[in-house]
Amino acid sequence: MELTWSESTVVQTIVWTFLAFLSMAIVLILFFYFSRKKIVAKEIEKRELEVNHQKALLHAVLFTQEEERKRIAQDLHDDISSKLNVVTLHTHLLKTPNLEENERLEIMENIETLTGNALESARRIAHDLLPPVLEKFGLQAGVDELVLEYNTTQKVRVSRTGDGSFDALTTEKQLPVFRILQELLHNSVRHGKASEVIVNIETLATHWTLNYRDNGCGFDSNDPMVRKGLGLRNIESRVGLLNGKLTLKAQPGQGVHYQITFSNEK
């Protein structure tokens with residue numbers, strides 16, 4: 001049975017229409033496929049960057065721990081071990097035959113002085129590891145003492161503002177937050193040459209925020225080499241390990257502004 005001209009035209013139209021829709025479908029499928037592939041590649045790249053950043057933060061933490069161990073070992077060797085060695089030598093001197101009374105008293109005084117100095121060094125090292133006020137009275141008192149210590153140096157004036165407190169922070173967060181503030185103050189005085197620091201604490205229903213500002217020499221916070229510095233990496237690593245958020249704004253000659261936020265959830 002042969003098709004008429006009109007029927008043949010209809011069939012051709014249907015075939016071409018089908019082919020056009022098929023082509024469009026193939027184009028759309030390819031478009032979504034390559035778009036999805038590009039999105040997935042971007043997500044993989046983003047996650048790799050996040051993983052590398054976390055690795056860098058972990059490396060900073062481990063490096064800091066090793067440096068802290070070296071410093072403690074050096075302090076123990078220089079401040080305590082050396083003094084105790086001299087005490088031992090003086091103790092042997094007490095066994096010297098025919099020792100005069102005044103010589104014996106002088107040796108005893110030296111031993112007492114050296115022992116007292118060694119005890120003071122031990123207290124200082126213990127204080128650096130875990131400030132007693134922090135352990136006994138909490139972070140609030142620890143920060144107050146830290147602020148007072150810097151103010152008594154007369155090199156920098158540290159002011160604390162805001163109506164917030166540290167009561168909402170869990171015990172596990174208190175020591176790392178204390179170390180963060182220590183690092184910030186250390187950087188402001190040693191590197192920033194700041195003469196004034198403002199520590200603002202705000203506590204809201206869901207989170208706790210520390211705003212830290214100084215009037216030091218500042219730096220370019222967008223410079224990747226600056227952000228790789230060990231001091232800043234230490235702060236970022238501590239904030240990151242506590243699932244906090246750190247925002248930094250700084251310009252040369254304009255000081256620095258850190259904003260650190262932690263959740264109040266237990």
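Provided above is the structure to which this section pertains.
Draft legend 1. Broad picture of the pattern of salt bridges. Applying the stated rule across the entire model yields two salt bridges. For arginine 104, the salt bridge goes to glutamate 101, with nearest N and O atoms at 2.6 Å. Here arginine 104 and its partner glutamate 101 are both found in helix 2 (residues 101-129), three residues apart, which amounts to about one turn of the helix. With a relative accessible area of 33%, arginine 104 lands in the partly exposed category. We note a salt bridge from arginine 160 to aspartate 144, for which the minimum N-O separation is 2.7 Å. With arginine 160 in strand 1 (residues 157-161) and aspartate 144 in helix 4 (residues 139-152), the pair connects residues that are 16 residues apart, well separated along the chain.

Draft legend 2. A look at unusual backbone geometry. The backbone of glutamine 154 shows a phi angle near 60°, a positive value even though the residue is not glycine. Residue class for glutamine 154 comes out exposed when judged on its relative accessible area of 76%. Of note, the phi angle at lysine 193 is positive, near 55°, even though the residue is not glycine. Locating lysine 193 in the fold gives a position in the loop between helix 5 (171-190) and strand 2 (196-203). You can call lysine 193 exposed: its relative accessible area is 64%.

Draft legend 3. Spotlight on the sheet that holds strand 4 (residues 245-250). With mixed pairing, five strands are arranged side by side in an open sheet as 1-2-3-5-4. Looking along the sheet, the strands with just one partner apiece sit at the ends: strand 1 and strand 4. Adjacent strand axes in the sheet meet at a mean angle of 10° when their direction is disregarded. Where strand 3 (residues 207-214) meets strand 5 (residues 256-263), eight bridges bridge the pair, whose relative direction is antiparallel. Across the sheet, the residue bridging to arginine 213 is histidine 257, located in strand 5.

Rules of the game
Residues numbered from 1 in each chain as written. Predicted model: local features only at pLDDT ≥ 70, side-chain atom pairs only at ≥ 80, totals over all residues. Heavy atoms only, no water. Salt bridge = Lys/Arg side-chain N within 4 Å of Asp/Glu carboxyl O. Helix = DSSP H or I, 4+ residues; strand = E, 2+ residues; numbered from the N terminus. Buried < 20%, exposed > 50% of the residue type's maximum accessible area, 1.4 Å probe, protein only. Pairing = 2+ DSSP bridges. Axes fitted to C-alpha atoms, helices over the stretch in contact; angles between N-to-C directions.

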